[in-house]
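The residues making up each chain are set out below.
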Amino acid sequence: MKNDNASNPCNQMILKQAFCTMVVQESQDTKLTQSDSVCPSQQNRSNTSLSQFSGSSQHFTSNENIYYEPEEYTETDFLLPNQLYGRSRLTRSPQPKDANVSGAPEESICSMVVQILVPFLLAGLGTVSAGMLLNIVQSWEVFQEITEILILVPAVLGMKGNLEMTLASRLSTAVNAGKMDSPREKWMLIAGNLALKQLQATVLGLLASLMASLLGWMAEGQMPFNHIMLLCSTSVSTAFVASLLQGIVMVGVIIGSKRIGINPDNVATPIAASFGDLITLALLACFSQWFYSFIELYPYVLYLVNLSFLCLIPAWVAVSSKHPASEILLHTGWEPIITAMLISSIGGVILDKTVLDPNLAGIIVYAPVINGVGGNLVSIQSSRISTHLHLKHSPGELPVGRQSCSNPWHTFFGSGANHRSAKILLLLVIPGQLIFLHAIHLIKGGHTLPSPLFTIAFLFASLIQVLILLCMADCLVHCLWRRGKDPDSYSIPYLTALGDLLGTALLSIAFLMLWCIGDSGSV
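Residues numbered from 1 in each chain as written. Predicted model: local features only at pLDDT ≥ 70, side-chain atom pairs only at ≥ 80, totals over all residues. Heavy atoms only, no water.

Condition: UniProt positions are given in the numbering used here, feature names are shortened, and annotations may be inferred rather than shown by experiment.
Taking an unreviewed UniProt entry as the reference, the protein is identified by name as Solute carrier family 41 member belonging to Oreochromis niloticus. Regarding the protein, the relevant UniProt record gives this comment under Sequence similarities (unreviewed entry): "Belongs to the SLC41A transporter family."

## Considering the overall build of the protein
The criterion, for reference: Helix and strand assignments follow DSSP, with helices taken as H or I runs no shorter than four residues and strands as E runs no shorter than two, numbered in order from the N terminus. Working definition: with a 1.4 Å probe on protein chains only, accessible area under 20% of the residue-type maximum means buried, over 50% means exposed, and in between means partly exposed. Contact between two residues is taken to exist if any of their heavy atoms lie within 4.5 Å; hydrogens are not considered. Surface exposure here means Shrake-Rupley accessible area, sampled with a 1.4 Å probe, where a residue is shielded only by the protein chains that are shown.
A tally of regular secondary structure across the protein gives 19 helices and 0 strands. Going through the 523 residues of the protein one by one, you find that 53% of them count as buried. Contacts in the protein between residues far apart in sequence, at least 24 positions, make up 81% of those at least 6 positions apart. Accessible area of the protein: about 22,800 Å², with a carbon and sulfur share of 65%.

## Quick look at the side chain of Ser508
Under the convention used in this document: Identification of polar contacts relies on pairs of N or O atoms within 3.5 Å, with a donor-acceptor requirement for protein atoms, meaning one able to donate a hydrogen and the other able to accept it, and with residues adjacent in sequence counted only if both atoms are side-chain atoms.
Considering the arrangement of structural elements, one finds Ser508 in helix α19 (residues 487-516). Separated by 2.7 Å, the side chain of Ser508 and the backbone oxygen of Thr504 make a polar contact. Excluding residues within four positions of it along the chain, Ser508 makes contact with Ile350, Thr354 and Ile363.

## With respect to the packing of aromatic side chains
Filter applied, for reference: We call Phe, Tyr and Trp rings a pair once their centres come within 6.5 Å, taking the six-membered ring for Trp, and we label the pair stacked below 30 degrees between planes, edge-to-face above 60, and tilted otherwise.
Under the definition given, this model contains 14 aromatic pairs. Between the aromatic rings of Phe240 and Trp316, the centroid separation amounts to 6.0 Å while the plane-to-plane angle is 45°, which identifies the pairing as tilted. Within this pair, whereas Phe240 is found in helix α8 (residues 225-260), its partner Trp316 is found in helix α12 (residues 313-320), the two being separated by 76 residues in sequence.

## A short note on the environment of Ile370
Tracing the sequence through the fold places Ile370 in helix α15 (residues 363-392). Residues Ile370 and Val128, spaced 242 residues apart in sequence, show a C-alpha to C-alpha distance of 9.3 Å. Setting aside residues up to four positions removed in sequence, Ile370 forms contacts with Gln433, Phe458, Ala461, Ser462, Gln465, Gly503 and Leu507.

## So, the environment of Arg483
Within the secondary structure, Arg483 sits in the loop between α18 (452-482) and α19. In this structure the C-alpha to C-alpha distance between Arg483 and Gly396, which are 87 residues apart in sequence, comes to 5.9 Å.

## Thoughts on helix α5 (residues 149-157)
Among the 9 residues that make up α5, 9 are buried, leaving the element largely enclosed by the rest of the structure. Among the residues making up α5, those that are buried are Ile149, Leu150, Ile151, Leu152, Val153, Pro154, Ala155, Val156 and Leu157.

## Quick word on the nonpolar core
Keep this limit in mind: To define a nonpolar core, start from buried Ala, Val, Leu, Ile, Met, Phe, Trp, Tyr and Cys residues and group those joined through side-chain atoms within 4.5 Å.
Judged by nonpolar contacts, the single largest core of 89 residues is most densely connected at Ile149, Leu230, Tyr366, Phe458 and Leu507. Tallying contributions element by element places α15 first for this core, with 10 residues. Excluding anything up to four places from it in sequence, Tyr366 contacts Leu437, Ile440, Lys444, Phe454, Phe458, Leu507 and Phe511. Residues Ala168, Leu189, Val253 and Ala325 belong to the second largest nonpolar core, which totals 13 residues.

## Digging into the environment of Leu467
Relative to the assigned elements, Leu467 resides in helix α18. Spatially, the C-alpha atom of Leu467 lies 10.0 Å from that of Trp409, the residues being 58 residues apart in sequence. When sequence neighbours within four positions are dropped, the list of residues in contact with Leu467 reads Trp409, Phe412 and Leu426.

## Some details on a nonpolar patch on the surface
Note the threshold: Residues with no salt bridge and a relative accessible area higher than 30% make up the patches, which join like charges within 9 Å and nonpolar side chains (Val, Leu, Ile, Met, Phe, Trp, Tyr) within 5 Å. Whenever a carboxyl oxygen of Asp or Glu lies within 4 Å of a side-chain nitrogen of Lys or Arg, that contact is scored as a salt bridge.
A cluster of nonpolar side chains, namely Phe225, Leu297, Tyr298, Tyr300, Tyr303 and Leu304, defines an oily patch on the protein surface of about 690 Å² accessible area. The leading source of residues in the nonpolar patch is helix α11 (residues 300-311), at 3 residues. Residue placement: Leu297 occurs in the loop between α10 (276-292) and α11. We classify Leu297 as exposed; its relative accessible area is 66%.

## Remarks on the packing of helix α14 (residues 334-356) against α15
Formally: Think of each axis as a best-fit line through the C-alpha atoms, taken over the contacting stretch in the case of a helix, with angles from 0 to 180 degrees between the N-to-C directions. Throughout, the term roughly parallel applies to angles under 35 degrees, roughly antiparallel to angles over 145, roughly perpendicular to angles from 65 to 115, and oblique to all others. When residues are grouped by polarity, Ala, Val, Leu, Ile, Met, Phe, Trp, Tyr, Cys and Pro land in nonpolar, Asp, Glu, Lys and Arg in charged, and all others, Gly among them, in polar.
Axis separation between α14 and α15 bottoms out at 10 Å; the angle between their running directions is 155°. Regarding the angle of α14 to α15, the classification is roughly antiparallel. Where α14 abuts α15, its residues Leu351, Thr354 and Val355 lie against Ile363, Ile364 and Ala367. Along the lines of polarity and charge, the residues of the contact of α14 with α15 split into 5 nonpolar, 1 polar and no charged.

## Re the side chain of Thr455
Mapped onto the secondary structure, Thr455 falls in helix α18. Assessed through its relative accessible area of 18%, Thr455 is described here as buried. The contact partners of Thr455, leaving out residues within four places of it in the chain, are Leu434, Leu437 and Pro450.

## Overview of the packing of helix α7 (residues 183-220) against helix α13 (residues 324-332)
Going by this rule: What makes a crossing left-handed is the near helix being turned counterclockwise from the far one by less than a right angle; a clockwise turn instead makes it right-handed.
Packing of α7 against α13 leaves a shortest axis separation of 8 Å and a crossing angle of 20°. When the axes of α7 and α13 are compared, the pair comes out roughly parallel. Handedness of the α7/α13 crossing: right-handed. Counting all contacts with α7, which are made through Leu189, Gly192, Asn193, Leu196 and Leu199, the residues of α13 involved are Ala325, Ser326, Leu329 and Leu330. Looking at the contact of α7 with α13, its residues break down into 6 nonpolar, 3 polar and no charged.

## Considerations on the confidence of the model for the protein
Applicable threshold: Confidence scores labelled pLDDT are given residue by residue by the predictor and lie between 0 and 100.
Residues of the protein with pLDDT of at least 70 account for 72%, and the chain-wide mean is 74. Confidence drops under pLDDT 50 across residues 1-7; counting only partners more than four residues distant or on other chains, this segment forms 3 contacts. Between residues 12-104, whose pLDDT stays under 50, and residues either more than four places distant or in other chains, the model counts 146 contacts.

Written as structure tokens, this is what we have:
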């Protein structure tokens, strides 16, 4: 009878299903569901069992009763626990390179161009609007009396690279890796990252204002204390409000792009910058003028504003520490954004000194355009390379032939999708900047046209800037990955800050050369 029962097909199926069942213990916050199992008669069993990890101690069990000790989170760990993220957390064995484990949409050259082009043009028009707005507000009383506000401009506008674009890159990687499928984990991840971003915006705004005050004091030899307080209040308020608004928009864009099947790496970072410059600059101008009206009669308002934002810091720390991914960045994510802020402040000094010269004052319209376009394009490339490394390679492991950065032209010549995107991004520079120059001409009223020499100089400066940035992105992202650093959190702040510095410097040189040869820049 036992042999008959054992040979019964129904009983065999029950035994096989029981043998294939894997039990996963519930962690502190998350309970992973059982993966789709297959019968040994249909497919060889994998050597890797489903793993689950968190910051707390836990057990891993399988039908072999093997015990595994969890690992602590590191900067390059995955944003959410998922066993199909390129390799096993237990064996560190890579998945097949051609396996479609990420769920990222396949891209043709045509789809890549379309996905990049639309947000790129929107972002460019946003920077054009920011440049025109900056040209208007520079004549306001507060900008005339406290010229150090111009030093704040590149640093505050650069926060979209430090914060918004970094958030977009991290969440884009999570989406492409299938890490935002669980609603509870998705919103925990989003809440942790948004709280972390508000904390970083508050601290960066304060540091940027102190840096602008220091540079202003070094240049002029004096700096009234009420001016320092106005710079602090303006910078912190602008950074906080702009970061909150753009963060909410960013989350909606990434979730929406996932639902309609668009690669968020192509659209998230430029959309993060599309109207980020305009919104941030408008807030900076309004807050500075508003606080300037209180500086004589009600100076205590400035103290209360600064104090209120500082009192919110413990709340942001508490919320961001709830998720392990944002908790890691809470301790390790300050170096790149603070360094980037310092680099952008140097660009602000160049802009401030250039604008003070009446012969070079026209640079203020074009500086946000060249800086914004360069930052937008390099952030796309950085995000794409970072996603590729997260999906295909272990931390510290580099693709074949990428062990060094001795050949910068490798960025543009190769068979991979990232090589194609680098060439596409570089080819977008000249037609894109021509469109933006024409838009500036129309907004000005169309009374004058940019001179041929000015157009050539502007396009050449922009092309050199983007060429250098794309080569640096390819080298920097791979170097960070080799050292175990997460490129999503480290690369974009450095690259956008260097883009601001390069763009402002190259544009200043172009304006200076045109002035030396007697070209007014318009006809």
